Amino acid sequence: RFIAKPCAINLGIQDSGPHRAQPNAILEKVFTSITKSPDGKRLEGLSKQLDWDVRKIQRWFRHRRNQDKPTTLTKFCESMWRFTFYLSIFFYGIRFLWTAPWFWDTRQCWYNYPFQPLTSRLYYYYILELAFYWSLMFSQFTDIKRKDFLIMFVHHLATIGLITFSYMNNMVRVGTLVLCLHDASDFLLEAAKLANYAKYQRLCDAFFMLFGVVFIVTRLGIYPFWILNTTLFESWELIGPYPSWWLFNGLLITLQILHVIWSYLIIRTAYKALVRGKVSKDDRSDVESSSEEEDVTSNSTKGVFSTSSNGSNRINGHVASGQWTGE
């Protein structure tokens, strides 16, 4: 409110929402009481009742669905908050871990386990991360709606479970490695969103490409060969199959499955960016990006750019196809 919003205004980001649908009592009643995406049969009935063209009714429903979506200013403020946290906690973690022996030798995570001291810096690092992910868990229900709600819900559950479980079992050393590794790429994605909202397309492209490289290197390279290697094999070798070994590693492997899914989507987005000449959007929101030009496309082209009932081709995930500005 006091930092992000003034920054957005200085960058020329307006607090204006999508095009609003013209008032219509009949369509509003259908929208609020029956369906937000009427099928063909219902559209034909409404067309006869109102003496409106079917395309005009479809456009009305699209505008009505979009008018409740957050503005670019709102999205900028949310991304700036997340960017600030991710960047701050990443550098805090790096500064703390740089002098930690287990950062350079993962076998140190298991020496003298579980009798390992919990320093104040390690404690605050854990508590800050846990508090933030709990806030993400709750804010999912009130923040900008994302199409990957379920997959992010699973991610937050796994992350909170891992942080809590590792803290209770004094596995904080390996836990700090997991946290720092995940924070390494997140602030780059938020930076790309900020650049996009401010309409700095080249900067957005650069941040997104950097994010993709860092994400894939850390989540598909360092994470399995550094983190999973120590939790699956080095821990078994040094302290044996402790009772919680299966649960702990099960949660870590769940994260790795999500990493693979997101990496596929990032690679696909990067490929489309090379073809189209600019980076695609983070397509997790419900805002539909059909333009007025598409609305007045003649019937002769109908079906060439056919979309799903919600107005676009979308899939769940960290990133997907489309235009960044649609988020």
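Residues numbered from 1 in each chain as written. Predicted model: local features only at pLDDT ≥ 70, side-chain atom pairs only at ≥ 80, totals over all residues. Heavy atoms only, no water.

Note the following rule: UniProt positions are given in the numbering used here, feature names are shortened, and annotations may be inferred rather than shown by experiment.
An unreviewed UniProt entry annotates the protein chain as CERS5 synthase of Eurystomus gularis. Word for word, the UniProt comment on the protein chain under Catalytic activity (unreviewed entry) is "sphinganine + octadecanoyl-CoA = N-(octadecanoyl)-sphinganine + CoA + H(+)".

### A short note on the pattern of salt bridges
Filter applied, for reference: Salt bridges, as used here, are contacts in which a Lys or Arg side-chain nitrogen is within 4 Å of a carboxyl oxygen on Asp or Glu. In this description a helix means any DSSP run of H or I spanning at least four residues, a strand means any run of E spanning at least two, and both kinds are numbered starting from the N terminus. Throughout this description, buried means an accessible area under 20% of the type-specific maximum (1.4 Å probe, protein chains only), exposed means over 50%, and partly exposed covers the range between.
Under the criterion given, the structure shown has four salt bridges. Salt-bridge contacts for Glu 78 lead to Arg 82; the nearest nitrogen and oxygen are separated by 3.8 Å. A residue pair is termed a helical-turn pair when its members lie 3 or 4 positions apart in one helix, as Glu 78 and Arg 82 do in helix H5 (residues 72-97) at four residues. Overall, Glu 78 belongs to the buried group, its relative accessible area being 11%.

### Some words on the packing of aromatic side chains
Keep this limit in mind: Aromatic rings from Phe, Tyr and Trp, with only the six-membered ring used for Trp, were paired whenever their centres fell within 6.5 Å, and each pair was classed as stacked if the ring planes differed by under 30 degrees, edge-to-face if by over 60, and tilted otherwise. Only when the NZ of Lys or the CZ of Arg is both within 6 Å of the ring centre and within 35 degrees of the ring normal is a charge said to sit over the ring.
Tallying each qualifying case throughout the model produces 24 aromatic pairs. Aromatic side chains Trp 98 and Trp 104 sit 4.9 Å apart centroid to centroid with 80 degrees between the ring planes, which places their arrangement in the edge-to-face category. Across the pair, exposure class does not vary: Trp 98 and Trp 104 are exposed alike. Put simply, the rings of Trp 81, Phe 85, Tyr 86, Phe 132 and Tyr 133 pair up and form one aromatic cluster. Directly above the aromatic system of Trp 52 lies the positively charged group of Lys 56, at a separation of 4.3 Å from the ring centroid.

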